[in-house]
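Secondary and tertiary structure notes
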Amino acid sequence: MRCLYPKCQDQVDPVVAYGRPTCHPSGRPAVRLNMISSVDGAAVLAGRSGPLGGVADRNLFATLRSLASVILVGAGTMRVEGYGPVRLGDVARARRLSDGMAPVPPIAVVTRSCDLPWEAPFFTEAESRPVVVTAAAAPQENVDRAASVADVIVAGDLQVDLSRAVEALGQRGYSDVLAEGGPRIAAQLSAALLVDELCLTLSPMLTGGAARRILDGPAVSPPTTLGLDLVLEADEYLFLRYRRR
Ligand SMILES: NC(=O)c1ccc[n+]([C@@H]2O[C@H](COP(=O)([O-])OP(=O)(O)OC[C@H]3O[C@@H](n4cnc5c(N)ncnc54)[C@H](OP(=O)(O)O)[C@@H]3O)[C@@H](O)[C@H]2O)c1
């Protein structure tokens, strides 16, 4: 990976370039949102984000996971992308342990239905117990089933209030949250002004059509102005990091 901004550099270590997000001044966990888009703004190709990515993108995806205290994802993405448990290599695990972190971060899934594949490896083979973030309106039998394989956070009445969810994760000791989408979760986080850092991979593809964008939901009002603070490149993919001003 090479760095194009703020300083040209041929070889950069993404672990050093990205580092761990620091806590929000309010004390809540910092939220880092990681998304990918085609050059013309599509967040999905053939129903998934996977086809937009490549080796370099997958490597950075894993690196960001290795830096995270907890990962947050929408149930839609978990289902469509067939999420499994987090797996990290020995080097990343050792680094985390020496930083006083769990060897792998848990994944917190946001769901209103609380109807998830409880028998899937995502739950049965997770090294760090998953978290299910749901609302009070979720069917009680589903919540009970969730509690048998995951920690359950109830954050909201009819639906999850993402601000309360992030706060509850903070109360459990997580100092930062890596949000991996999808666009509906990303939109709600953005509208609630919870996104402190946007890591955007620009895939060298034009897809056209009527694809969704990386945010699909409520408007960000007023629009958030971001500051660009990092541009990396590998395999013609651009890796942009923006911070909320
Ligand atoms: N380009 C990218 O970087 C990127 C990243 C991730 C995903 N994707 C793509 O995006 C698509 C999936 O994203 P999506 O936006 O459709 O779904 P999503 O945001 O991943 O998940 C939506 C689901 O999350 C739950 N949910 C969302 N908001 C909620 C709230 N406030 N309270 C309670 N539950 C809530 C609901 O789950 P229940 O149905 O269980 O109630 C809802 O059906 C896939 O095609 C995936 O490949 C793209």
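This write-up is about the structure you can find in this document. (Residues numbered from 1 in each chain as written. Predicted model: local features only at pLDDT ≥ 70, side-chain atom pairs only at ≥ 80, totals over all residues. Heavy atoms only, no water.)

Brief notes about the site of the ligand
Basically, it comes down to this: Near residues are defined by distance, with any heavy atom within 4 Å of the molecule or strand qualifying the residue. Each polar contact in these results corresponds to two N or O atoms within 3.5 Å; when the atoms are within protein, one needs to be able to donate a hydrogen and the other to accept it, and residues that are neighboring in sequence are counted only if both atoms are side-chain atoms. Each accessible area is a Shrake-Rupley estimate made with a 1.4 Å probe; only the visible protein chains count as cover when residues are assessed. Space inside and on the surface of the protein is sampled on a 1 Å grid over the protein atoms alone, with a cavity defined as a set of points where a 1.4 Å probe fits but cannot get out and a pocket as an open set with protein on both sides within 12 Å along at least 5 of 7 lines; lining residues have an atom within 4 Å of a point. The way we define it, a molecule is inside a pocket or cavity when more than half of its atoms are within 2 Å of that pocket's grid points. Helix and strand definitions here come from DSSP, where helices need a minimum of 4 consecutive H or I residues and strands a minimum of 2 consecutive E residues; each element is numbered from the N-terminal end. Polarity classes work like this: nonpolar for Ala, Val, Leu, Ile, Met, Phe, Trp, Tyr, Cys and Pro, charged for Asp, Glu, Lys and Arg, and polar for all others, with Gly in that last group.
Near the ligand, the surroundings consist of 27 residues, among which Ala 43, Thr 77, Glu 81, Thr 111 and Gln 188 are the closest. Here an oxygen atom of the ligand sits 3.0 Å away from a polar atom, N or O, in the main chain of Ser 49. At a separation of 2.7 Å, a nitrogen atom of the ligand approaches a polar side-chain atom of Gln 188. Relative to its unbound accessible surface of 920 Å², the ligand loses 92% to contact with the protein. Given that more than half its atoms are within 2 Å of the pocket grid, the ligand belongs to the largest pocket. Of all elements in the fold, only β2 (30–38), α3 (75–80) and α8 (183–191) reach the threshold of two or more residues within the shell around the ligand. Across the shell around the ligand, the residue classes tally to ten nonpolar, ten polar and seven charged.

Considering empty space enclosed by the protein
Heads up, the rule is: Grid points are joined across faces, edges and corners, and a volume is the space filled by probe spheres set on the points.
Scanning the entire structure with this criterion turns up one cavity of 30 Å³ or more. Its boundaries defined by the atoms lining it, the largest cavity holds a volume of some 70 Å³. Contributing to the lining of the largest cavity are Gly 84, Pro 85, Val 86, Val 104, Pro 105, Pro 106, Ile 107, Phe 122, Ala 126, Glu 127, Ser 128 and Pro 130. Of the residues in the lining of the largest cavity, the class split is nine nonpolar, two polar and one charged.

Some points on the sheet that holds β2
Spelled out, the test is: At least two bridges found by DSSP between two strands is the condition for calling them paired. Axes here refer to lines fitted to C-alpha atoms; in helices the fit is confined to the stretch in contact. Angles between the N-to-C directions go from 0 to 180 degrees. Here, two residues are considered to be in contact whenever any of their heavy atoms come within 4.5 Å of each other.
Overall, mixed pairing links the ten strands, which are arranged β1-β9-β10-β8-β2-β7-β3-β4-β5-β6 in an open sheet. If you trace the sheet from one side to the other, it starts and ends with β1 (2–5) and β6 (151–154), each paired once. Within the sheet, the average angular offset between the axes of one strand and its neighbour, ignoring direction, is 25°. Along the sheet, helix α2 (residues 55–67) makes contact with β2, β3 (70–74), β4 (107–110), β7 (176–179), β8 (197–203), β9 (226–234) and β10 (237–244), crossing β2 at roughly 170°.

A look at the environment of Ala 135
Rule in force here: Burial status follows relative accessibility: with a 1.4 Å probe on protein chains alone, a residue under 20% of its type maximum counts as buried, one over 50% as exposed, and anything between as partly exposed.
Summarising the element assignment, Ala 135 is placed in the loop between β5 (131–134) and α6 (140–149). By relative accessible area, which is 2% here, Ala 135 ends up buried. Setting aside its immediate chain neighbours within four residues, Ala 135 contacts Thr 111, Val 154, Gly 156, Asp 157, Leu 158, Gln 159 and Val 160.

A look at the nonpolar core
Put simply, the test is: Working definition of a nonpolar core: buried Ala, Val, Leu, Ile, Met, Phe, Trp, Tyr and Cys residues. They are joined through side-chain atoms within 4.5 Å.
Counting 39 residues, the largest nonpolar core has Tyr 18, Leu 116, Trp 118, Phe 123, Val 132 and Phe 239 as the members making the most contacts within it. Contributions of two or more residues to this core are made by α2, β3, α3, β4, α5 (121–124), α6, β9 and β10. Here this core gets four residues from one element, more than from any other, and that element is α2. In this structure, Ala 43, Ala 155, Leu 194 and Leu 198 belong to the second largest nonpolar core, which totals 32 residues.

By themselves these figures say nothing about function.
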